[in-house]
Amino acid sequence: SIVTVYDLSFVHYPQVLSTARRLYLRLFTALSCQRARRVIAISHSTARDLTQSLGIPPEKIDVAAPGYDASVYRPLPPDEVAAFKRAKGLPERFWLFLGTLEPRKNLVTLIEAYAALAPADRLPLILAGGKGWDYQPIFDSVARHGLQSVVQFPGYLPFAELPFWYNGADCFLYPSVFEGFGLPALEAMACGTPVIVSDASSLPEVVGEAGISLPPTDVSAW
């Protein structure tokens, strides 16, 4: 048998789950990996985590990184992107984050950095994605800095629209402190959009030398 492990967030962020669910995942992920003939990890970061957190021998683990659909995630004609922005009422230029609104995504740090910029040096910031858990501090940070007019929350984005959002952004920002892989950063790069990510967990693997990696909680760096 072969088992694939996407991440061990339930180990590092146990507060996101009920006690029963956390114990179930901890027990049966470890048991499944121990009993399997081979274990697939979706990043070298997850592979190291399997060894360090669950004691899985590294020689038993194979890394198979996710890919993207090149027919979907690609640079789009500028006129189509401009038409999409008009239809959605989006600003001509903006910075984009896409992901669940939750503490692991480290958006409060991003907002603090954004607030520290001179207004003339920043573009509108769009924080897209559905609400996860403990998301209120994100909205509180925006309100505390009086950024309601320049920080937008469009909510969950339909899959079919994602290439247009990526193409439309001047830059894709992904300050997450923990990711099994970080597929949105890869999708943004496939669309030709510059990316800035945290230098945490798997994200430096995803962007390589094609993006900028920053310490996740260093507001001045962001």
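Described in the following lines is the structure provided in the data block. Just so we're clear, the structure is a prediction, and the values are computed from it rather than from any experiment.

## Here's the deal with the overall build of the chain
Working step 1: What the chain contains, in helices and strands, is 9 helices and 9 strands.
Working step 2: Taking the principal axes of its C-alpha atoms as reference, the chain extends roughly 55 × 40 × 30 Å.
Working step 3: Counting every position in the chain, which comprises 222 residues, the buried fraction comes to 45%.
Working step 4: As displayed, the chain has an accessible area near 11000 Å², and 55% of this comes from carbon and sulfur atoms.
Working step 5: Here the chain contributes 18 positive and 21 negative side-chain charges, whose respective centroids are spaced 7 Å apart.

## Some words on helix 3 (residues 44–54)
Working step 1: Residues of helix 3 that are buried include every one of Ser-45, Thr-46, Ala-47, Asp-49, Leu-50 and Leu-54, and no others.
Working step 2: One or two residues past the end of helix 3 sits Gly-55, with phi positive at roughly 75 degrees.

## A short note on the packing of helix 2 (residues 19–35) against helix 3
Working step 1: Where helix 2 meets helix 3, the axes come as close as 12 Å, and the angle between the chain directions of the two elements is 110 degrees. By the angle class used here, helix 2 and helix 3 are roughly perpendicular. Of helix 3, the residues touching helix 2 (which contributes Arg-26, Thr-29, Ala-30, Cys-33 and Gln-34) are Leu-50, Ser-53 and Leu-54.
Working step 2: Here the residues of the contact of helix 2 with helix 3 are counted per class, giving 4 nonpolar, 3 polar and 1 charged.

## Points about the sheet that holds strand 8 (residues 195–198)
Working step 1: With parallel pairing, the 6 strands of this open sheet are ordered in space as 6-5-4-7-8-9. Two strands close off the open sheet at either side, each with one partner strand: strand 6 (151–155) and strand 9 (212–214). Between one strand axis and the next, the sheet turns by 25 degrees as a mean value, whatever way the strands run.

## Some remarks on the packing of helix 5 (residues 107–116) against helix 6 (residues 136–144)
Working step 1: For the pair helix 5 and helix 6, interaxial distance at closest approach is 9 Å and the crossing angle is 10 degrees. Here helix 5 lies roughly parallel to helix 6, going by the angle between them. Along its contact with helix 5, which presents Leu-107, Val-108, Ile-111 and Glu-112, the element helix 6 presents Pro-137, Ile-138, Ser-141, Val-142 and Arg-144.
Working step 2: Grouping the amino acids of the contact of helix 5 with helix 6 by side-chain chemistry returns 6 nonpolar, 1 polar and 2 charged.

Conventions used here
Residue indices follow the written sequence of each chain, beginning from 1 at its first position. Local features in this predicted model are restricted to residues whose pLDDT is 70 or higher, and side-chain atom pairs enter the listing and the counts only when it is 80 or higher, whereas totals over whole chains, interfaces and linings include all residues. Each side-chain value is derived from all of the structure's non-hydrogen atoms; neither hydrogens nor water enter the calculation. For the purposes of this entry, the term helix denotes a DSSP run of H or I that reaches at least four residues, the term strand denotes a run of E that reaches at least two, and both are numbered from the N terminus. Burial classes follow relative accessibility: with a 1.4 Å probe on protein chains only, a residue under 20% of its type's maximum area counts as buried, one over 50% as exposed, and anything between as partly exposed. Residue-level accessible areas treat just the shown protein chains as cover; the underlying method is Shrake-Rupley with a 1.4 Å probe. This count recognises Lys and Arg as positive and Asp and Glu as negative, with His and chain-terminal groups excluded. Charge positions are represented by NZ for Lys, CZ for Arg, CG for Asp and CD for Glu. For helices, the fitted axis covers only the stretch in contact; all axes are lines through C-alpha atoms, and the angles between them, taken along N-to-C directions, range from 0 to 180 degrees. We call two directions roughly parallel when the angle between them is under 35 degrees, roughly antiparallel when it is over 145, roughly perpendicular when it lies between 65 and 115, and oblique otherwise. The contact criterion used throughout is that any non-hydrogen atoms of two residues lie within 4.5 Å. Ten residue types, Ala, Val, Leu, Ile, Met, Phe, Trp, Tyr, Cys and Pro, are classed as nonpolar, four, Asp, Glu, Lys and Arg, as charged, and the remainder, Gly among them, as polar. Paired strands, as defined in this entry, are two strands with at least two bridges between them according to DSSP.

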